[in-house]
Amino acid sequence: MESEVQVQQASESVKLISGLEIDESVAVSMEIVEEELKWSRARIEMLETQMQMLAKDVGETTRFVTIARAVGEWKARTCAYNDKGICRAWRVGDDLANDPRLSPLIEKVNGVYRFRIDRDPTICALCPLYRAKK
Ligand code: SF4
């Protein structure tokens, strides 16, 4: 008795589909997949273009930093304000001294925050206060 009820329920939930309906359903699914593939290809091409632009920007930035570091090293070596790796020209404000990105390059000397140019001479490359040693 119980199995008859189960068979009846199963047969009610089964729907017969013709071969033509299956073909149409597959064709619609294929169209959706092809459309999504087209979008995916377009997005990949866009990402490739962005990656190329980013690689170019990184290359230019690296070149700029390399040049700035070389100029900074020379200025740090020859500047009259370089006192054993500490710049005596600049007085660094509290806001910069407490900035976690810069604080490793700053030291308090006799109550005044100063740049540690021996830690990053790139500061000298950007500096307008340079004065050659005599
Ligand atoms: S170049 Fe500028 S930052 Fe470098 S030691 Fe001289 S004054 Fe200081």
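Residues numbered from 1 in each chain as written. Predicted model: local features only at pLDDT ≥ 70, side-chain atom pairs only at ≥ 80, totals over all residues.

**Let's talk about the site of the ligand**
Then step 1. Taken together, 15 residues lie near the ligand, and Cys79, Cys87, Ala89, Cys124 and Cys127 sit nearest.
Then step 2. Taken together, the elements giving at least two residues each to the shell around the ligand come down to α2 (19-78) and α4 (122-125).
Then step 3. In terms of residue class, the shell around the ligand is made up of 13 nonpolar, 1 polar and 1 charged. (Near = placed C-beta within 6 Å. Helix = DSSP H or I, 4+ residues; strand = E, 2+ residues; numbered from the N terminus. Nonpolar A, V, L, I, M, F, W, Y, C, P; charged D, E, K, R; others polar.)

**Observations regarding the nonpolar core**
Then step 1. Counting residues in hydrophobic clusters, the biggest one holds 8 residues: Ala76, Cys79, Tyr81, Cys87, Val92, Phe115, Ile117 and Cys124.
Then step 2. For Ala76, the contacting residues outside a window of four places in its chain are Asn82, Ile117, Pro121 and Cys124. (Core = buried A, V, L, I, M, F, W, Y, C linked by C-beta atoms within 7 Å. Buried ≥ 20, exposed ≤ 12 C-beta atoms within 10 Å, placed from the backbone. Contact = placed C-beta atoms within 7 Å.)

**So, α2**
Then step 1. Between its first and last C-alpha, α2 extends 87 Å over 60 residues, near the 88 Å set by a 1.5 Å rise per residue.
Then step 2. Those residues of α2 that fall on the buried side of the exposure criterion are Gly72, Lys75 and Ala76.
Then step 3. Packing partners of the buried residues in α2 comprise β1 (82-83) and α4. (Expected span 1.5 Å × (residues − 1).)

**Section: unusual backbone geometry**
Then step 1. Backbone geometry places Lys84, a non-glycine residue, at a positive phi of 50°.
Then step 2. Residue position: Lys84 is located in the loop between β1 and β2 (86-87).
Then step 3. A count of 6 C-beta atoms within 10 Å places Lys84 in the exposed class.
Then step 4. Not every positive phi belongs to a glycine, and Asn110 is a case in point at roughly 50°.
Then step 5. When you line up the elements, Asn110 lands in the loop between β3 (106-109) and β4 (112-115).
Then step 6. On the neighbour-count criterion, Asn110 (5 C-beta atoms within 10 Å) is exposed.

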